[in-house]
Amino acid sequence: MKYMCKTCQKPCDDIIEHIKKVHGFSESYIKDSLKTNSNSYKNSFEKIK
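Note that this is a predicted model, so its numbers are computed, not measured.

Draft legend 1. Summary view of the environment of Ser44. Residue placement: Ser44 occurs in the loop between α2 (27-36) and β3 (45-48). For Ser44, a relative accessible area of 27% translates into the label partly exposed. The sequence separation of Ser44 and Ser26 amounts to 18 residues, and the corresponding C-alpha distance is 17 Å. Apart from residues no more than four positions distant in its own chain, Ser44 is found in contact with Met4, Cys5, Lys6 and Thr7.

What follows is the structure, encoded as structure tokens:
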């Protein structure tokens, strides 16, 4: 599945990897965000074909 980041307008295959590499979020921050809200990053990406 391909996704388009609404912030930087770059396509990606893996949302978590994109957030870590492109936007510089740490692994622990991402895990904590997903624990509190499993849809944390859903609105920041849209599915593309």
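Draft legend 2. Just the environment of Ile19, in detail. Note on placement: Ile19 falls in helix α1 (residues 15-21). Separated by 14 residues in the primary sequence, Ile19 and Cys5 place their C-alpha atoms 9.2 Å from one another. Beyond its immediate chain neighbours, meaning those up to four positions away, Ile19 contacts Gly24, Phe25, Ile30, Tyr41 and Phe45.

Rules behind the numbers
Residues numbered from 1 in each chain as written. Predicted model: local features only at pLDDT ≥ 70, side-chain atom pairs only at ≥ 80, totals over all residues. Heavy atoms only, no water. Helix = DSSP H or I, 4+ residues; strand = E, 2+ residues; numbered from the N terminus. Buried < 20%, exposed > 50% of the residue type's maximum accessible area, 1.4 Å probe, protein only. Contact = heavy atoms within 4.5 Å.

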